[in-house]
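Each chain, written out:
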Amino acid sequence: MLDLKRRIEIAKGKERAELVLKNLKIVNVFSHEIIEGDIAIEDGKIVGIGNYDGRKEIDGKGLYASPGLIDGHVHIESSLVTPGEFAKAVVPKGTTCIIADPHEIANVCGISGIEYMLMASENLSLDVFLMFPSCVPATQFETSGAVLSDEDIKSLIDNERILGLGELMDYPSVIGCNEKVLKKINAARGKIIDGHGPSIEDKELAAYVAAGVKTEHECSTTKELLDRLRLGMYILIREGSAARNLSELIKAVNPYNLRRCLFCTDDRHPEDIIKDGHINNNLKVAVKNGLDPISAITMATLNAAECYGLKGKGAISIGYDADIVLFKDLESFEPIMVFKNGKLVAKDGRPLFDVKKVVDSSVLNRIKIKDINEDMFRLKLKEDVANIIKLLPFSLVTKKVKKKVILRDNEFRCEDNEGLLKLAVIERHKGTGNVGLGIVEGFGLKGGAIATTIAHDSHNLIIIGDNDRDMVTAALEIQRVKGGVTVVSKGEVLSTLPLPIAGLMSDNDIETVNQKLSKIIKIAYERLNVSQDFDPVMTLAFLALPVIPELKLTDLGLFNVINFTFEV
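Just so you know, these numbers come straight off a predicted model, no measurement behind them.

## Focus on helix H8 (residues 202–210)
Item 1. Restricting attention to buried positions, one finds in H8 the residues Leu205, Tyr208 and Val209. End-on view of H8: buried residues confined to an arc of 95°, all on one side of the axis. Of the residues in H8, the exposed ones pointing more than 90 degrees away from the buried face are Lys203 and Ala210.
Item 2. Tucked inside the fold, the buried residues of H8 contact strand E9 (162–168), helix H6 (171–175), strand E10 (192–195), strand E11 (215–216) and helix H9 (222–229).
Item 3. Where H8 terminates, the next one or two residues include Gly212, which has phi positive at roughly 110°.

And the structure:
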């Protein structure tokens with residue numbers, strides 16, 4: 001603990017600080033100005049701003065100093081790497097703190113998955129706080145690996161690194177006062193509750209907020225943003241990989257409502273982190289769309305810290321944590337140096353720290369599938385008019401269409417139906433033998449199959465292909481590597497990305513994961529002729545999500561999201 005007298009003496013300039021960052025343009029998020037000077041640091045805290053001498057000094061040479069960036073809502077699992085490897089990827093981009101929702105791994109592993117994420121994110125050069133997943137399973141229309149109740153929430157909610165209850169996707173149950181959901185809200189014991197209800201309006205929105213929901217990250221229109229701001233919610237403006245809402249939403253941000261807005265990525269995939277960055281990319285896009293840089297930095301730092309009650313974070317000021325990013329400029333937001341608690345942890349885009357591999361048997365070997373054979377992929381239809389999942393270019397939304405198909409002994413075969421593919425979702429958590437089968441139009445694949453255990457939100461095994469043989473081969477390969485992504489053609493496995501941790505994450509670094517994933521995507525486009533209108537892996541992963549319209553497939557069957565009913 002820093003001695004009080006010494007702290008005062010350093011601030012007065014009577015004693016030298018442990019570290020002084022010299023010659024900086026310091027972004028002050030309190031006064032909305034840039035101040036030229038030095039930052040004095042002692043025992044991981046900022047003790048002086050102005051003209052200081054230090055026992056160690058680093059010349060900033062006119063770089064811009066910003067508080068460390070904060071991601072207000074992220075699923076680490078979407079990066080396909082562990083928390084430690086995620087830290088090595090995002091800290092060099094200027095992110096020093098995240099609020100993560102381990103919703104994905106919780107749907108596979110339950111409490112064990114949350115405890116793994118807590119353990120794997122300890123003692124990193126990145127502050128990792130968690131929200132307790134509120135919707136496991138996400139819906140009753142699929143088989144997940146776990147069910148989390150209000151008693152489960154009570155068991156961990158007092159952990160100082162768990163800030164509250166994760167996104168309440170089941171907003172109809174909140175508004176309808178479903179007893180189980182209300183018990184979960186009460187179990188959060190007054191902590192923060194994240195929202196997930198973009199389509200709610202008027203009195204139903206008021207009811208949602210009355211339940212204690214504080215944030216919303218699913219806004220896609222300025223009307224949704226303003227409606228929620230007026231009710232006192234915080235708005236997390238998202239710029240992820242699949243959903244990119246910043247350019248539209250930033251139009252509604254003004255000096256009067258700015259302090260209730262912050263940034264998040266939600267889901268950001270390896271290639272985008274490596275190529276474009278993390279929260280620093282949000283800053284770049286915001287400024288490009290007309291927001292002034294200091295306002296953008298305020299949203300990425302102070303606003304996020306205040307929203308989630310993170311004391312000592314979000315500003316370069318006396319007594320605050322010495323989490324500091326030195327940017328080259330306030331347009332590209334390219335970090336030159338990143339400091340965490342006063343220690344240099346990244347320089348010129350590279351991490352200066354290592355992480356330990358955390359092994360936990362409870363999140364390994366999560367693939368339990370009954371006998372895999374071609375019979376499980378046979379799609380029998382009662383009539384020759386079928387419900388088809390029609391893909392829409394560059395969208396996670398699908399359309400339900402009815403189309404006449406050619407059957408052979410009441411069986412649908414892709415070789416008889418040009419442009420139509422078979423989709424299978426195989427339950428992989430409990431070995432129930434559940435297999436949902438459907439037909440997809442628009443994907444464009446020919447001569448093979450693609451399979452993955454990333455299938456939101458329950459993450460069963462999902463496979464798309466134009467022949468049963470390759471679909472079997474893909475399923476067997478996924479079983480062999482204990483989860484992951486694979487691409488198959490003519491009975492041959494062309495490339496596989498193993499994801500042994502819950503079938504969601506690799507234990508390799510993000511560059512290695514990205515190289516393997518990029519190879520799979522390249523093969524899918526060039527050899528299997530998948531349409532360039534779709535990301536072969538991402539599109540497939542969302543075809544099992546029964547909360548995005550119109551027609552999706554789960555292990556229990558073809559699901560109509562509009563009517564919330566299964567199709568016959």
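From this point, the discussion proceeds with the structure in view.
## Topic: the nonpolar core
Item 1. By size, the foremost hydrophobic cluster in this structure holds 128 residues, and its most contacted members are Ile237 and Ile450.
Item 2. Considering every element that reaches this core, the biggest residue donor is helix H16 (residues 510–526), with 8 residues.
Item 3. Sequence-distant contacts of Ile237, defined by excluding residues within four places in its chain, comprise Leu225, Leu246, Leu249, Ile250, Val253, Cys261, Leu262, Phe263, Cys264, Asn282 and Met299.
Item 4. In this structure, Met376, Phe412, Val472 and Ala475 belong to the second largest nonpolar core, which totals 27 residues.

## Examining the side chain of Thr453
Item 1. With respect to the secondary-structure elements, Thr453 resides in the loop between strand E25 (449–452) and strand E26 (461–465).
Item 2. A distance of 2.9 Å separates a polar atom in the side chain of Thr453 from the backbone nitrogen of Gly484.
Item 3. Other than its neighbours up to four places away in sequence, Thr453 contacts Ile367, Arg428, His459, Asn460, Leu461, Ile478, Gly483, Gly484, Gly503 and Leu504.

## A short note on the domain arrangement of the protein chain
Item 1. As assigned here, the protein chain comprises domain 1 (68–314) and domain 2 (364–566).
Item 2. The C-alpha centroid of domain 2 is placed 28 Å from the C-alpha centroid of domain 1.
Item 3. The interface of domain 1 with domain 2 comprises 32 residues on the first partner and 38 residues on the second.
Item 4. It is Leu80, Phe141 and Thr143 that lose the most area in domain 1 upon contact with domain 2, and together they represent 26% of the buried surface on that side.
Item 5. Counting every contact that joins domain 1 to domain 2 gives 0 salt bridges.

## Here's the deal with the UniProt feature "domain: Adenine deaminase C-terminal" (unreviewed entry) in the protein chain
Item 1. In the numbering used here, UniProt assigns the feature "domain: Adenine deaminase C-terminal" (unreviewed entry) to residues 396–564.
Item 2. Helix makes up 22% of residues 396–564 and strand 33%, whereas the separation of the span's terminal C-alpha atoms amounts to 18 Å.

## Let's talk about the layout of surface pockets
Item 1. Reported here for the second largest pocket is a volume of approximately 490 Å³.
Item 2. If you trace the second largest pocket, you find 20 residues lining it, with Lys380, Leu381, Leu558, Glu567 and Val568 closest to the centre.
Item 3. Sorting elements by how many residues they give to the lining of the second largest pocket places strand E24 (residues 435–441) first, with 5 residues.
Item 4. Considering only residue class, the lining of the second largest pocket consists of 11 nonpolar, 4 polar and 5 charged.

## Let's talk about the UniProt feature "domain: Amidohydrolase-related" (unreviewed entry) in the protein chain
Item 1. Within the UniProt annotation, "domain: Amidohydrolase-related" (unreviewed entry) is assigned to residues 65–345.
Item 2. Secondary structure across residues 65–345 comprises 35% helix and 20% strand; the distance between its end C-alpha atoms is 15 Å.

## Let's talk about empty space enclosed by the protein
Item 1. Under the counting rule described, the total for this entry stands at 3 cavities of 30 Å³ or more.
Item 2. Space inside the largest cavity adds up to approximately 80 Å³.
Item 3. Lining the largest cavity, in full, are Pro67, Gly68, Ile70, Thr96, Cys97, Asp127, Gly312, Lys313, Gly314, Ala315, Asp321 and Asp323.
Item 4. Across the lining of the largest cavity, the residue classes break down as 4 nonpolar, 4 polar and 4 charged.

## Re the pairing of strand E1 (residues 17–28)
Item 1. Summarising burial for E1: 9 of the 12 residues are buried, a large majority.
Item 2. Pairing between E1 and strand E4 (residues 54–59): 5 bridges, direction parallel. Bridge assignment links Val20 to a residue of E4, and that residue is Glu57.
Item 3. For E1 and strand E2 (residues 33–42), the ladder comprises 8 bridges, and the chain directions are antiparallel. Within E2, the residue paired with Val27 across the bridge is Ile34.
Item 4. Counted between consecutive antiparallel strands, the loop separating E1 from E2 contains 4 residues, among which His32 sits at a positive phi close to 55°.

## Topic: the sheet that holds strand E31 (residues 565–566)
Item 1. With respect to topology, 3 strands assemble into an open sheet ordered E29-E30-E31, the strand pairing being antiparallel. Both edges of this open sheet fall to strand E29 (551–554) and E31, since each of them pairs with a single strand only.
Item 2. In terms of strand pairing, strand E30 (residues 557–560) meets E31 through 2 bridges, oriented antiparallel. Of the residues in E31, the one forming a bridge with Asn560 is Thr565.

## Considerations on the sheet that holds E24
Item 1. Read across the sheet, 8 strands follow the order E20-E19-E24-E23-E26-E25-E27-E28 without closing on themselves; strand pairing throughout is mixed. Both outer strands of the open sheet, strand E20 (398–404) and strand E28 (492–498), are each paired with one neighbouring strand and no more. The sheet shows a mean angle of 25° between the axes of neighbouring strands, direction not considered.
Item 2. The pairing of strand E23 (residues 420–426) with E24 spans 7 bridges and is classified as antiparallel.

## A closer look at the packing of helix H12 (residues 279–288) against helix H13 (residues 293–300)
Item 1. Axis separation between H12 and H13 bottoms out at 9 Å; the angle between their running directions is 145°. With respect to the hand of their crossing, H12 and H13 are arranged in right-handed fashion. For the pair H12 and H13, the contacting residues are Ile279, Leu283, Ala286 and Val287 in the first and Pro293, Ala296, Ile297 and Ala300 in the second.
Item 2. Of the residues contributing to the contact of H12 with H13, the split by class is 8 nonpolar, no polar and no charged.

## Some remarks on helix H7 (residues 179–187)
Each α-helix winds once per 3.6 residues, and so residues spaced three or four apart point in a common direction.
Item 1. When we look at burial in H7, the residues that qualify are Val181, Lys184, Ile185 and Ala187. Down the axis, H7 shows its buried residues gathered within 160° of arc, on one side only. Facing away from the buried surface of H7 by more than 90 degrees, the exposed residues are Glu179 and Asn186.
Item 2. For H7, the secondary structure elements touched by its buried residues are helix H5 (150–156), E9, H6 and E10.
Item 3. The backbone nitrogen of Lys180 has a side-chain oxygen 3.0 Å away, supplied by the residue at the start of H7, namely Asn178.

How each quantity is defined
Residues numbered from 1 in each chain as written. Predicted model: local features only at pLDDT ≥ 70, side-chain atom pairs only at ≥ 80, totals over all residues. Heavy atoms only, no water. Buried < 20%, exposed > 50% of the residue type's maximum accessible area, 1.4 Å probe, protein only. Helix = DSSP H or I, 4+ residues; strand = E, 2+ residues; numbered from the N terminus. Arc of directions from axis to C-beta. Contact = heavy atoms within 4.5 Å. Core = buried A, V, L, I, M, F, W, Y, C linked by side-chain atoms within 4.5 Å. Polar contact = N/O pair within 3.5 Å; in protein donor to acceptor, adjacent residues only side chain to side chain. Domains from an automatic or database assignment. Buried area = accessible area lost by both parts, 1.4 Å probe. Salt bridge = Lys/Arg side-chain N within 4 Å of Asp/Glu carboxyl O. UniProt positions renumbered as here; feature names shortened; annotations may be inferred. 1 Å grid on protein atoms, 1.4 Å probe; cavity = no way out; pocket = protein on both sides within 12 Å on 5 of 7 lines; lining within 4 Å. Points joined across faces, edges and corners; volume = space filled by probe spheres on them. Nonpolar A, V, L, I, M, F, W, Y, C, P; charged D, E, K, R; others polar. Pairing = 2+ DSSP bridges. Axes fitted to C-alpha atoms, helices over the stretch in contact; angles between N-to-C directions. Left-handed = near helix turned anticlockwise from the far one by under 90°.

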